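# Analysis of the macromolecular model
Residues per chain, in single letters:
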Amino acid sequence: MIATKGFAAQSATTALEPFKFERRELGAKDVLIDILYCGVCHSDVHQARNEWGGSIFPMVPGHEIVGRISKVGKDVTKFKVGDIAGVGCFVDSCRVCASCREGLEQYCEGGGMVGTYNSLERDKKTPTYGGYSSQIVVDESYTLHIPSNLALERVAPLLCAGITTYSPLMHWKVSTGDRVGVLGLGGLGHMAVKLAASLGADVTVLSTSKKKEDDAKKLGAHHFALTSDTTVMSSLRNHFNFIIDTVSAAHDLNQYLGLLHRDGTLIVVGAPPKPIPLHNFSLIGGRKKIGGSLIGGIKETQEMLDYCGKHNIMSDVEVIPIQKINEAYERMLKGDVKYRFVIDMATL
Ligand code: NAP
Ligand code: ZN
Ligand code: ZN
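In this report, the structure presented in the accompanying data block is examined. (Residues numbered from 1 in each chain as written. Chains lettered and ligands numbered in written order. Predicted model: local features only at pLDDT ≥ 70, side-chain atom pairs only at ≥ 80, totals over all residues. Heavy atoms only, no water.)

### A short note on the pairing of strand E17 (residues 340-344)
The following threshold applies: Exposed residues in this analysis have more than 50% of their type's maximum accessible area, buried residues have under 20%, and partly exposed residues fall in between, with area computed by a 1.4 Å probe over protein chains only. Secondary structure is summarised from DSSP: a helix means a run of H or I of at least four residues, a strand means a run of E of at least two, and numbering begins at the N terminus for each. Any two strands are treated as partners once DSSP identifies two or more bridges connecting them. Handedness is read with the strands pointing away from the viewer; a crossover is right-handed when the path from the first strand over the helix to the second is clockwise.
Counting buried positions along E17 yields 4 of 5 residues, so the element is predominantly enclosed. Pairing between strand E3 (residues 30-40) and E17: 4 bridges, direction antiparallel. Looking at the pairing, Tyr37 lines up with Asp344 of E17. Alignment of strand E16 (residues 317-321) against E17, held across 5 bridges, turns out to be parallel. The residue bridging Val319 from the neighbouring strand is Val342, located in E17. Once the chain exits E16 it traverses helix H11 (residues 325-333) before rejoining the sheet at E17, and the crossover so formed is right-handed.

Below, the structure is given as structure tokens:
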């Protein structure tokens, strides 16, 4: 076994603190990655605090991982020692169901994907531990190549925030001329802005925070709308072809469905802990749709990374030492992050 250091939550109500554990010895197809950076996703907070239920403790969160390969199993072909590699939100899946065969492992029908943390391996008993740690052992098939022109600390958030917004933009074929609203300007939201703008869409940030207006434009949005401003909200009725909803807490879906043009789609990626009421009339008038989307498969994640390499797209980050992780969670809850915290694992 491989002795590993990390930070873990011991329960839903305790702060994250240093934790020692072991990674498995490398199998024939495994790589060992020395973790350099790990992004901090709002899903880490939801799960560390058991807001979705079913959390497994102790929990080492983190699923936006970038590091350097330090060892490879005997049958590894995709990577060699010294390569930079990424790991996102899952590290395994059944590999044989229709979704897995289509490269949509996140929707695995054969028992579900194995999450990078807060999950059980396919043996259904070994807990997985995430990227707030010194190293990780992952099957090469669930490991990504990182374009060499991108800054590593700014790449880490692409592994979740990037793919979670890229995948629905691709699925719904968002392109030039589409009017896209991005609801919530946080980690996912700022990547949605960059990616949608890069595809030629006319992008509006819909935000509760007036102070984010200048940043929204710098990130590539064409317009900014404060969601508490009723005059602005009325002027946007029937406006958008798509709204990407990245909000992490309770909010009124019906209000935003009213901003969609006929046949428009509200794309839900934010995952608030409690159900949100929906008024059927919000959909009926205007033949509107709501669709959800979960991260992205390995094939599409690699495609997204290559796209970001080609277009020089990276996350805007604040690099923190791991000792500041609990403070970072509190700041994220207050919307005080520009626009993703990334842990420098050298501080562990
Ligand atoms: P984040 O950085 O905290 O951003 C969330 C943003 O939502 C905030 O910056 C804020 O934007 C807005 N917001 C927060 N509370 C709000 C409230 N009460 N009312 C209205 N707006 C509010 O979080 P994130 O990492 O981007 O994650 C966002 C959500 O997506 C989380 O629920 C996370 O679990 C989920 N997620 C889903 C997937 C997936 O596969 N579908 C993947 C990753 C994450 P403004 O200040 O601009 O209003
Ligand atoms: Zn995430
Ligand atoms: Zn499967």
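### Overview of the coordination of the zinc ion (ligand 2)
Stated precisely, the cut-off is as follows: In this analysis a donor is any N, O or S atom within 2.8 Å of a metal ion (3.2 Å for sodium, potassium and calcium), and since water is not included, sites may seem incomplete.
Coordination of the zinc ion (ligand 2) by the protein comes from Cys41 (SG), His63 (NE2) and Cys160 (SG), over a distance range of 2.0 to 2.2 Å. Written as a sequence motif, the donor residues of the zinc ion (ligand 2) are C-x21-H-x96-C. Highlighted residues: Cys41 in the loop between E3 and helix H1 (42-48) and His63 in the loop between H1 and strand E4 (65-72), separated in sequence by 22 residues. Relative accessible area serves as the criterion here: at 6%, His63 is assigned to the buried category.

### Focus on the site of ligand 1
Under the convention used in this document: Note on definitions. A residue lies near a molecule or strand when any single heavy atom of the residue is within 4 Å of it. A 3.5 Å cut-off defines polar contacts: any pair of N or O atoms within that distance qualifies, except that in protein one atom must be a possible hydrogen donor and the other a possible acceptor, and neighbouring residues in sequence count only when both atoms are side-chain atoms. In short, Shrake-Rupley with a 1.4 Å probe defines the accessible areas, and a residue's cover is counted only from the protein chains shown.
In the vicinity of ligand 1 there are 29 residues, among which Ser207, Thr208, Ser209, Lys212 and Arg340 approach most closely. One nitrogen or oxygen atom from the side chain of Ser43 is found 2.8 Å from an oxygen atom belonging to ligand 1. Note that an oxygen atom of ligand 1 is positioned 2.6 Å from one of the side-chain N or O atoms of Arg340. Summarising the interface, the protein chains cover 87% of the accessible area of ligand 1, which totals 920 Å² for the free molecule.

### Looking at the side chain of Ser55
Here Ser55 shows up in the loop between H1 and E4. A distance of 2.7 Å separates the side chain of Ser55 from the backbone oxygen of Gln47, its partner in a polar contact.

### As for the coordination of the zinc ion (ligand 3)
Operational definition: Irregular is the label for any site that misses the other tests, which are tetrahedral for four donors with all angles between 85 and 135 degrees, and square planar for four donors or octahedral for six when opposite donors exceed 155 degrees and the remaining angles lie between 65 and 115.
Within the first shell, the zinc ion (ligand 3) binds the protein through Cys94 (SG), Cys97 (SG), Cys100 (SG) and Cys108 (SG), at distances of 2.3 to 2.4 Å. The site at the zinc ion (ligand 3) holds 4 donor atoms, and with the angles between them running 101 to 120°, its shape is tetrahedral. Written as a sequence motif, the donor residues of the zinc ion (ligand 3) are C-x2-C-x2-C-x7-C. Each member of the pair, Cys97 as well as Cys100, carries the same accessibility label: buried.

### What about helix H10 (residues 298-311)?
Rules: The span expected for a helix works out to 1.5 Å for each residue beyond the first.
The terminal C-alpha atoms of H10 lie 20 Å apart, and with 14 residues this matches the ideal 20 Å at 1.5 Å per residue to within 8%. Among the residues of H10, Ile298, Glu300, Thr301, Gln302, Met304, Leu305, Tyr307, Cys308 and Gly309 are the ones counted as buried. The first or second residue beyond H10 is Asn312, which carries a positive phi of 55°.

### Here's the deal with the pattern of salt bridges
Our working rule: We count a salt bridge whenever a side-chain nitrogen from Lys or Arg sits within 4 Å of a carboxyl oxygen from Asp or Glu.
Applying the stated criterion across every chain yields a total of 19 salt bridges. Among the salt bridges present, the one from Asp139 reaches Arg95, with a minimum N-O distance of 3.0 Å. In this pair, Asp139 sits in strand E8 (residues 135-139) while Arg95 sits in the loop between strand E6 (90-92) and helix H2 (98-101), placing the two residues 44 residues apart along the sequence. With a relative accessible area of 10%, Asp139 lands in the buried category. The exposure class of Arg95 is partly exposed, given its relative accessible area of 34%.

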